[in-house]
Amino acid sequence: MNELKYLNGFDSEFQSEDPRRPNSLPKGQNSPQKCPYGLYAEQLSGSAFTAPRTENKRTWFYRIRPSVGHFPFKKFLKGNVTHDWNEQDPDPNQMRWNPFDFPKDQIDFVEGLNTVCGAGDPKMKSGLAIHVYICNVSMGNRAFYNSDGDFLIVPQSGVLFITTEFGKMEVGPNEIAVIQQGMRFKIDVNEPSRGYILEVFGQHFILPDLGPIGANGLANPRDFQTPVALYEDIDVDNYEIIAKYQGKLFICHQNHSPFDVVAWHGNYVPYKYNLENFMVINSVSFDHCDPSIFTVLSCQSEKKGTAIADFVIFPPRWSVQEHTFRPPYYHRNCMSEFMGLILGQYEAKKGGFLPGGATLHSIMTPHGPDFKCFSEASEEALKPTRIAEGTQAFMFESCYGLAVTKWGLKTCEKLDLDYYKCWQGLKKNFNPI
Ligand code: FE2
């Protein structure tokens, strides 16, 4: 396991230097004209220079070479990344995908990026995209960065060995990683791997406000971890840098590893979080709370309390309510709901919605428990119940209307055209007497 340190909040200032090179981090105003060890200083900005102090994000790298030492970019035509939301006609139907196939050929994380749905435009720093990644080989001497926004990566199968400019992180199923705009990283794997990515344009993820919950609960700041500086000094003929820029991929070459940061300081960092650390709040006297009580991270729009995207989980928990129907209620939502399943069985639909698959319930499209779930939950004894044991479902919820790509509707060949049938058994129980 690579060394990690705890974030203890998203507003803190961090510093890290590779333990092999002590004092590589310049200190304050006494910094010499030349950086220690002959390093270059380079800043990575994650906010406007003049953003308010509470929102200002940047990190200083002290690295062997500045990032600018590369050859020109050309188009990179592999993978299925797109932000063309007009590829297909809009479709308001409930959608469910069977588990996405692992690749048949050898492809790495970048080549295995497939956009399923999204909205908005990274040029205007507004919107989001949802991708599925499937890969079976490591990126090796290939690095990636995203000019368009932040990646929230949700592994479903396979451990991701992530090398970043900040250091290394291992992230497996039931953990998440957030790699923010511009940060260079590569992902190595040792088995066929699959997962989901929520990409947001223009804003960063934050912890949700807790309101009346108080100071503690949901995802606690102390459980987020960030890498420790760890550089490599590797000269090669052909190190590939792939950039995602305005929804398309580009590739260039350079003759050295980009992971040559010896020390860094700042408050703009990649981080990981283990979903087992989520403090669940879900015991109520009657009815039940909205799923917002399960929000791990939120990316807020400019409309107060309205998210470009929330990342919400449905972890194992006690379900304790009095005289009420306990599964999720039937509903129609002014938000779009994309769900995935990391492991186990989702409580409202046992079977059909499988690990590695997905569902999309679009704005104002009705959905809720299938008829089997409704029937059983209407009759079961109302005692405290442990639910979702061995399960982790999640939701990307967005205020935007999501367009499904050609890959999502056709190319992946995983759309379940019989999904609607799970509600067809809901019969009339009305008894006016
Ligand atoms: Fe829903």
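What you see is a predicted model, and the numbers here were worked out from it, not measured in a lab.

Scanning the chain from terminus to terminus reveals two helices and 28 strands. On the principal axes, the C-alpha backbone points of the chain span a range of 90 × 45 × 40 Å. Out of the 433 residues in the chain, the part that is buried amounts to 54%. Surface exposure of the chain reaches about 20,200 Å², of which carbon and sulfur atoms provide 51%. Between the mean site of the 42 positive side-chain charges and the mean site of the 49 negative ones, the chain shows a separation of 1 Å.

The next thing to look at is the pairing of strand β19 (residues 261–266). A large share of β19 lies buried, amounting to six of its six residues. With four bridges joining them, strand β2 (residues 14–17) and β19 adopt antiparallel strand pairing. By the bridge assignment for β19, Ser16 is matched with Trp264. As paired strands, strand β4 (residues 58–63) and β19 are joined by five bridges and run antiparallel to one another. Following the sheet pairing, Trp60 is matched in β19 by His265.

Domains assigned within the chain are domain 1 (6–275) and domain 2 (278–417). With 59 residues of domain 1 at the contact, the number on the domain 2 side is 53 residues. Buried area between domain 1 and domain 2, both sides added, is near 5,000 Å², and the carbon and sulfur share of it is 67%. Where domain 1 meets domain 2, there are two salt bridges. Arg96 is paired through a salt bridge with Asp416; the nearest N and O atoms lie 3.1 Å apart. The interface formed by domain 1 and domain 2 holds 24 residue pairs in polar contact (both at pLDDT 80 or more) in total. Of the residues contributing to the side of domain 1 that touches domain 2, the split by class is 35 nonpolar, 19 polar and five charged.

With that settled, the discussion passes to unusual backbone geometry. The backbone of Tyr37 shows a phi angle near 60°, a positive value even though the residue is not glycine. On the secondary structure map, Tyr37 appears in the loop between β2 and β3 (40–45). Taking relative accessible area as the criterion, Tyr37 reaches 48% and is therefore assigned partly exposed. A positive phi angle, close to 75°, is found at Asn174, a residue other than glycine. Along the polypeptide, Asn174 turns up in the loop between β12 (167–171) and β13 (175–179).

In this structure, His331 (NE2), Glu337 (OE), Glu337 (OE) and His367 (NE2) serve as the protein donors to the iron ion, at separations of 1.9 to 2.7 Å. Here the iron ion binds four donor atoms, and the angle range of 53 to 139° at the metal identifies the geometry as irregular. Within one chain, the residues donating to the iron ion are spaced in sequence as H-x5-E-x29-H. Placement of His331 in the loop between β23 (317–319) and β24 (336–343) and of His367 in the loop between β25 (358–361) and α1 (371–379) is noted, with a sequence separation of 36 residues between them.

This paragraph deals with the nonpolar core. Within soluble globular proteins, side chains that are nonpolar tend to cluster in buried spots. Counting residues in hydrophobic clusters, the biggest one holds 55 residues, and the most contacted among them are Trp97, Leu297, Phe311 and Phe338. Here this core gets six residues from one element, more than from any other, and that element is strand β22 (residues 307–314). When residues of this core are assigned to domains, at least three map to each of domain 1 (6–275) and domain 2 (278–417). Not counting residues up to four positions away in its chain, the partners in contact with Phe338 are Trp97, Val116, Cys117, Ile130, Tyr196, Ala358, Thr359, Leu360, Phe394, Met395 and Phe396. Residues Phe14, Leu113, Ala229 and Val261 belong to the second largest nonpolar core, which totals 35 residues.

Below, the discussion takes up the state of the cysteines. Here the structure, examined in full by the defined rule, presents zero disulfides. As a non-bridged cysteine, Cys117 has Cys412 as the owner of its nearest cysteine sulfur, 11 Å distant. On the accessibility criterion, Cys117 (0% relative accessible area) is buried. Considering cysteine sulfurs only, Cys399 is the nearest to Cys334, which forms no disulfide, with 8.7 Å between them.

Close approach of charged atoms allows side chains of opposite charge to pair. Per the counting criterion, the structure on display carries 19 salt bridges. Residues Glu111 and Lys78 are paired through a salt bridge, measuring 3.4 Å at the closest nitrogen-oxygen approach. Taken as a pair, Glu111 in the loop between β6 (95–97) and β7 (113–121) and Lys78 in the loop between β5 (74–75) and β6 lie far apart in primary sequence, 33 residues in all. A relative accessible area of 14% means that Glu111 is categorised as buried. The class for Lys78 is partly exposed, based on a relative accessible area of 47%.

Let us look at the packing of aromatic side chains. In this structure the tally under the stated criterion is 22 aromatic pairs. Residues Tyr330 and Phe374 carry aromatic rings whose centres are separated by 6.1 Å and whose planes lie at 50° to one another, so their mutual orientation is tilted. You can see Tyr330 sitting in the loop between β23 and β24 and its partner Phe374 sitting in helix α1, a full 44 residues away along the chain. Tyr330 sits in the partly exposed class, given a relative accessible area of 38%.

The next point concerns the environment of Pro72. Relative to the helices and strands, Pro72 is located in the loop between β4 and β5. Classification of Pro72 by relative accessible area gives exposed; the value is 63%. With 216 residues separating them along the chain, Pro72 and His288 place their C-alpha atoms 56 Å apart. Aside from chain neighbours lying at most four places away, what touches Pro72 is Ile251 and Cys252.

Basis of the calculations
- Residues numbered from 1 in each chain as written.
- Predicted model: local features only at pLDDT ≥ 70, side-chain atom pairs only at ≥ 80, totals over all residues.
- Heavy atoms only, no water.
- Helix = DSSP H or I, 4+ residues; strand = E, 2+ residues; numbered from the N terminus.
- Buried < 20%, exposed > 50% of the residue type's maximum accessible area, 1.4 Å probe, protein only.
- Areas by Shrake-Rupley, 256 points an atom, 1.4 Å probe, with all protein chains shown as cover.
- Lys, Arg positive; Asp, Glu negative; His and termini not counted.
- Charge placed at Lys NZ, Arg CZ, Asp CG, Glu CD.
- Pairing = 2+ DSSP bridges.
- Domains from an automatic or database assignment.
- Contact = heavy atoms within 4.5 Å.
- Buried area = accessible area lost by both parts, 1.4 Å probe.
- Salt bridge = Lys/Arg side-chain N within 4 Å of Asp/Glu carboxyl O.
- Polar contact = N/O pair within 3.5 Å; in protein donor to acceptor, adjacent residues only side chain to side chain.
- Nonpolar A, V, L, I, M, F, W, Y, C, P; charged D, E, K, R; others polar.
- Donors = N, O, S within 2.8 Å, 3.2 Å for Na, K, Ca; no water.
- Tetrahedral: all angles 85-135°; square planar, octahedral: opposite > 155°, others 65-115°.
- Core = buried A, V, L, I, M, F, W, Y, C linked by side-chain atoms within 4.5 Å.
- Disulfide = S-S within 2.5 Å.
- Phe/Tyr/Trp six-rings, centres within 6.5 Å; stacked < 30°, edge-to-face > 60°.

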